[in-house]
Amino acid sequence: VAALSQISGTDSILSLLKSGQGLVSEIKGAANLLDQAYGAEKGLSPAMMDRLMLDEDRIRGIVDGLRSVAEQTDPIGAVISEWDMPSGLHIQRVRTPLGVIGVIYESRPNVTADAGGLCLKSGNAVILRGGSESFHSATAIHACLLQGLKAHGLPEHAIQLVPTRDRAAVTAMLQAVDYIDVIIPRGGKGLVGLVQKEARVPVFAHLEGICHVYVDGAADLEKARRVLLNAKTRRTGICGSAECLLVDRAFYDKHGDILVRDLMDAGVEVRGDALIAKTAGTVAARSEDFGHEFLDMIIAAKVVDGVDSAIAHIRSFGSNHTDAILTEDDAVANRF
């Protein structure tokens, strides 16, 4: 944790970087700035650049996340359930480590610390393979983790980082059935789909984050306005960002297109159904806009006839990631 404070510095961070990548002493700036320059040169989208960026607040978030994990109860050895059999056997289901976990992720340098901390806490070893765009940041954060392991007499090999951008390393991890017990991909549809297709090692995966916000007829207008803007615009490039707005017809009849106009005023492109597309400045939605993960300042929007219609839409187009209802009616919330 103490070492992480260096990551937002300038010259001092260079001592944490691995020299094998051709870095020279003339390079100035923080590890993350080097990654941002690399990402800009590759033409990454604004959403991807946002994922890549580390500032003081995000580094503080990494620190707070590690402390939160450290404060959790040790899961290893915890008895989940137990029962007696008629034969007289007493059986317990007990938490144990999985073994060696491979985590493959894209341009989110914070995952380096998150995955390392969680795996260590749960008694697992981890092999981390970050995206090429976040290589310098991940290397710096990993060096900090190693300092912590060493300082407390823990095995440094418990948290390993693949020290190359070469994509062949990903293939090697996916095939390493003798060395890795499970693979966890963290990234977009392309990465997760590749891992699911090519892995011989078991995979824990979720393909997409097509998150819906349903505004019920009994929703509070001001709450709905604040929540929707936060859900869509706080960070558009993450899998938890809202990608589809569903508005109950009763709410729409009462309040009109105020939610749509709020989104557009915030710079969001709204792709709406026939009713919503009547609002000036919106774009008529295509069928493929529903069920699409934009990861950008774009949202699909539709007016639905009540909670059951919203549920049916989400079942057809959702990804079982995160779906929200805004309502003051507990019965409707429970049904949702």
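Up top is the structure these notes are about.
Residues numbered from 1 in each chain as written. Predicted model: local features only at pLDDT ≥ 70, side-chain atom pairs only at ≥ 80, totals over all residues. Heavy atoms only, no water.

Visitor: What is the right way to look at the overall build of the protein in this model?
Guide: For the protein, the count of helices and strands is twelve helices and twelve strands. With respect to the principal axes defined by its C-alpha atoms, the protein has extents near 70 × 65 × 35 Å. Relative to its 336 residues, the protein shows a buried fraction of 43%. Contacts spanning at least 24 positions in sequence make up 68% of the contacts within the protein whose residues lie at least 6 apart. (Helix = DSSP H or I, 4+ residues; strand = E, 2+ residues; numbered from the N terminus. Buried < 20%, exposed > 50% of the residue type's maximum accessible area, 1.4 Å probe, protein only. Contact = heavy atoms within 4.5 Å.)

Visitor: Please clarify how the sheet that holds strand E3 (residues 100-105) should be interpreted in this entry.
Guide: Each strand in a sheet pairs with another by means of backbone hydrogen bonds, the pair being arranged parallel or else antiparallel. One open sheet holds the four strands; their spatial order is E5-E4-E3-E6, and the pairing between them is parallel. The sheet is open, and its two borders are formed by strand E5 (159-161) and strand E6 (182-186), each paired with just one other strand. The sheet shows a mean angle of 20 degrees between the axes of neighbouring strands, taken without regard to direction. Pairing geometry for strand E4 (residues 125-129) and E5, over three bridges, is parallel. The partner of leucine 128 across the bridge, within E5, is leucine 161. In the packing of helix H6 (residues 168-175) onto the sheet, the strands contacted are E3, E4 and E6, and the crossing angle to E3 comes to about 145 degrees. (Pairing = 2+ DSSP bridges. Axes fitted to C-alpha atoms, helices over the stretch in contact; angles between N-to-C directions.)

Visitor: Hey, could you run me through the side chain of threonine 112 in this one?
Guide: As for its placement among the helices and strands, threonine 112 is situated in helix H4 (residues 110-121). Beyond its immediate sequence surroundings of up to four residues, threonine 112 is in contact with Tyr105, Leu128, Ala138, Ile141, His142 and Leu145.

Visitor: Would you mind going over the sheet that holds strand E12 (residues 323-326) with me for this structure?
Guide: Spatially, six strands are ordered E10-E9-E11-E8-E7-E12 in an open sheet, and the strand pairing comes out parallel. The sheet is open, and its two borders are formed by strand E10 (283-284) and E12, each paired with just one other strand. Alignment of strand E9 (residues 269-272) against E10, held across two bridges, turns out to be parallel. Residue glycine 272 lies in a different strand from E10, and its bridge partner there is alanine 284. Packed on one face of the sheet, helix H11 (residues 307-317) meets strand E7 (211-215), strand E8 (242-248), strand E11 (298-304) and E12 and runs near 170 degrees to E7.

Visitor: Teacher, can you tell me more about the packing of aromatic side chains here?
Guide: Geometrically, a pair of aromatic rings is defined through the distance of the ring centres and the angle of the planes. The full count for this structure, using the stated rule, is two aromatic pairs. With a centroid separation of 6.2 Å and an interplanar angle of 20 degrees, the aromatic rings of tyrosine 214 and phenylalanine 336 are classed as stacked. Here phenylalanine 336 lies in the segment after helix H12 (330-335) and tyrosine 214 lies in strand E7, a separation of 122 residues in the sequence. Given a relative accessible area of 0%, tyrosine 214 falls into the buried group. (Phe/Tyr/Trp six-rings, centres within 6.5 Å; stacked < 30°, edge-to-face > 60°.)

Visitor: What is the right way to look at a nonpolar patch on the surface in this model?
Guide: Residues Trp83, Met85 and Leu89 make up a contiguous nonpolar surface patch of roughly 280 Å² in combined accessible area. Summarising the element assignment, leucine 89 is placed in the loop between strand E1 (79-84) and strand E2 (90-94). (Patch = residues over 30% accessible without salt bridge, like charges linked within 9 Å, V, L, I, M, F, W, Y side chains within 5 Å. Areas by Shrake-Rupley, 256 points an atom, 1.4 Å probe, with all protein chains shown as cover. Salt bridge = Lys/Arg side-chain N within 4 Å of Asp/Glu carboxyl O.)

Visitor: Explanation requested: the pairing of E7 in the structure shown.
Guide: For a regular strand, side chains alternate in direction, first toward one face of the sheet and then toward the other. Counting buried positions over the five residues of E7 gives five, a clear majority of the element. Alternating positions in E7 separate into two faces, Cys211, Val213 and Val215 on one and His212 and Tyr214 on the other, with burial throughout. Where E7 meets E8, five bridges bridge the pair, whose relative direction is parallel. Across the sheet, the residue bridging to valine 215 is valine 247, located in E8. Since E7 and E8 lie parallel, the crossover through helix H8 (residues 221-233) that links them has a hand, and here it is right-handed. Pairing of E7 with E12, which is carried by four bridges, proceeds in the parallel orientation. Each residue of the ladder has a partner; that of histidine 212, found in E12, is aspartate 323. (Right-handed = clockwise from strand over helix to strand, strands pointing away.)

Visitor: How should I be thinking about the packing of helix H3 (residues 56-71) against H4 in this particular structure?
Guide: The packing of two helices is summarised by the inter-axis angle and the distance between the axes. With their axes 10 Å apart at the nearest point, H3 and H4 run at an angle of 10 degrees to one another. Here H4 runs roughly parallel to H3, going by the angle between their axes. For the pair formed by H3 and H4, the contact residues are Ile62, Leu66, Val69 and Ala70 on the first element and Asn110, Ala113, Gly117, Leu118 and Lys121 on the second. Its residues placed into classes, the contact of H3 with H4 shows six nonpolar, two polar and one charged. (Parallel < 35°, antiparallel > 145°, perpendicular 65-115°, else oblique. Nonpolar A, V, L, I, M, F, W, Y, C, P; charged D, E, K, R; others polar.)

Visitor: Help me understand helix H5 (residues 135-151) in this model?
Guide: Residue pairs three or four apart in sequence face the same way in an α-helix, which turns once every 3.6 residues. Relative to the 24 Å expected for 17 residues at 1.5 Å per residue, H5 spans 24 Å between its end C-alpha atoms, a close match to the ideal helical length. Burial analysis of H5 places twelve of its 17 residues in the buried class, which makes it a mostly covered element. Looking only at H5, the buried set comprises Phe135, His136, Ser137, Ala138, Thr139, Ala140, Ile141, His142, Ala143, Cys144, Leu145 and Leu149. Here the buried face of H5 lies against helix H1 (31-42), H3, E3, H4 and E5. (Expected span 1.5 Å × (residues − 1).)

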